[in-house]
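Each chain is listed here by its residues.
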Amino acid sequence: MTATLERIALTAWPALREEHLDGWRLRFAEGYSKRVNAVTPLPPHPAALEPAIDHCEARYRAAGLRCLFRLVEGLAPEELDQRLAARGYRLLDPTAVMTLALDHPPAATEGVALHDEELADWLVLYARATGKPLQGQAVHAAILSRITARRRLVSLRLGGEPAGCALAVLDGAYLGLFDLAIVAARRGQGLGARLLAGLLAWGAGQGARLAYLQVLEDNAAALALYRRLGFRHAYRYWYRSA
């Protein structure tokens, strides 16, 4: 399941450019988002790890990026983490992948409607909710434009004003949830749960059977929200940064 879900998730959040080294995925997106600017080592692995690491370092150096490895529990070679640590790579952002079977998804809150947004309008709301500058969202827009599965960019509005946003990517039986953000003045009101419940109900109605998301292991508030909705830990990954 881990390998299948990883490949689905990598497709749902595409890089601007990707290279392969056996099963290793070298992804590049001008430094925006670690997931699309890192090596994800998937099987089959190169026969020799040290030359493979050297190759990755050279390719990211040529792209003007720090070399970053994304190590997935159960899929990366067991000794790779130790090899990278010995080279001085720092451990970053342990992350949980959580899943929810959609045979009985949380019911969407009655009277709460999700609004589909055009990409440009959604990016304005995302920048507002996250505090990230809009002028820095060009690569984000390019990533979203490259999604080949069914993409849904939504907002949740209160009194006609956008209060939050999220991205859902539907790929067959899999529903990926990304970029959940609530406007600062509206946080703590249960809007994240309402937004996600609406997307889960929609995905189940479109034939999805499993929802997944990724969350930093130190984000206690988000973990509690996802657990209340029924999500459970599936596996974890972490980064090693040169």
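Bear in mind the structure is a predicted one, so any value in this text is a computation, not a measurement. (Residues numbered from 1 in each chain as written. Predicted model: local features only at pLDDT ≥ 70, side-chain atom pairs only at ≥ 80, totals over all residues. Heavy atoms only, no water.)

K.L.:
Looking at this structure, how should I read the packing of helix H4 (residues 119-130) against helix H5 (residues 138-145)?
P.N.:
When two helices pack together, their arrangement is given by the angle between their axes and by how far apart the axes lie. Contact geometry for H4 and H5: axes closest at 11 Å, N-to-C directions at 130°. The angle between the axes of H4 and H5 places the two elements in the oblique class. Here H4 and H5 pass one another in a crossing that is right-handed. In this structure, H4 contributes Leu119, Trp122, Leu123 and Tyr126 to the contact, and H5 contributes His140, Ala141, Leu144 and Ser145. In terms of residue class, the contact of H4 with H5 is built from six nonpolar, two polar and no charged. (Axes fitted to C-alpha atoms, helices over the stretch in contact; angles between N-to-C directions. Helix = DSSP H or I, 4+ residues; strand = E, 2+ residues; numbered from the N terminus. Parallel < 35°, antiparallel > 145°, perpendicular 65-115°, else oblique. Left-handed = near helix turned anticlockwise from the far one by under 90°. Contact = heavy atoms within 4.5 Å. Nonpolar A, V, L, I, M, F, W, Y, C, P; charged D, E, K, R; others polar.)

K.L.:
Quick question: what am I supposed to make of the pairing of strand S11 (residues 232-241) here?
P.N.:
Two faces, one strand: in a regular strand the side chains alternate between the faces of the sheet. Both strand S4 (residues 68-72) and S11 contribute to a ladder of five bridges, which runs antiparallel. Across the sheet, Val72 pairs through a bridge with Tyr237, a residue of S11. By the bridge criterion, eight bridges tie strand S5 (residues 90-101) to S11 in an arrangement that is antiparallel. From the neighbouring strand, Met98 faces S11, where its bridge partner is His233. (Pairing = 2+ DSSP bridges.)

K.L.:
Honestly, the nonpolar core in this entry has me stumped. Any pointers?
P.N.:
Side chains that are nonpolar tend, in soluble globular proteins, to be buried together. In this structure, Trp122, Leu144, Leu167 and Tyr212 are the most contacted members of the largest nonpolar core, which totals 42 residues. With six residues, the top contributor of residues to this core is H4. Ignoring any residue separated from it by four or fewer positions in sequence, one finds Leu167 in contact with Trp13, Trp122, Leu144, Ile147, Arg151, Arg152, Leu153, Gly176, Leu177, Phe178 and Asp179. Core analysis: the second largest hydrophobic core is formed by 32 residues, Ala96, Val154, Leu223 and Leu229 among them. (Core = buried A, V, L, I, M, F, W, Y, C linked by side-chain atoms within 4.5 Å. Buried < 20%, exposed > 50% of the residue type's maximum accessible area, 1.4 Å probe, protein only.)

K.L.:
Sorry, what's going on with unusual backbone geometry here?
P.N.:
The bulk of non-glycine residues show a negative phi, and the bulk of peptide bonds are trans. Following Pro43, the chain continues into Pro44 via a peptide bond in cis, with omega recorded as 0°. The topology assignment puts Pro44 in the loop between strand S3 (39-41) and helix H2 (49-62). In this structure, Asp22 takes a positive phi of about 55° despite not being glycine. Relative to the assigned elements, Asp22 resides in the loop between strand S1 (17-21) and strand S2 (24-28). Given a relative accessible area of 49%, Asp22 falls into the partly exposed group. In this structure, Glu30 is a non-glycine residue whose phi angle is positive, near 55°. We classify Glu30 as exposed; its relative accessible area is 64%.

K.L.:
Just to check I follow, could you spell out the environment of Gly205 for this structure?
P.N.:
Looking at where Gly205 falls in the secondary structure, it is placed in helix H6 (residues 191-205). Counting along the chain gives 100 residues from Gly205 to Pro105, while the straight-line C-alpha distance between them is 9.9 Å.

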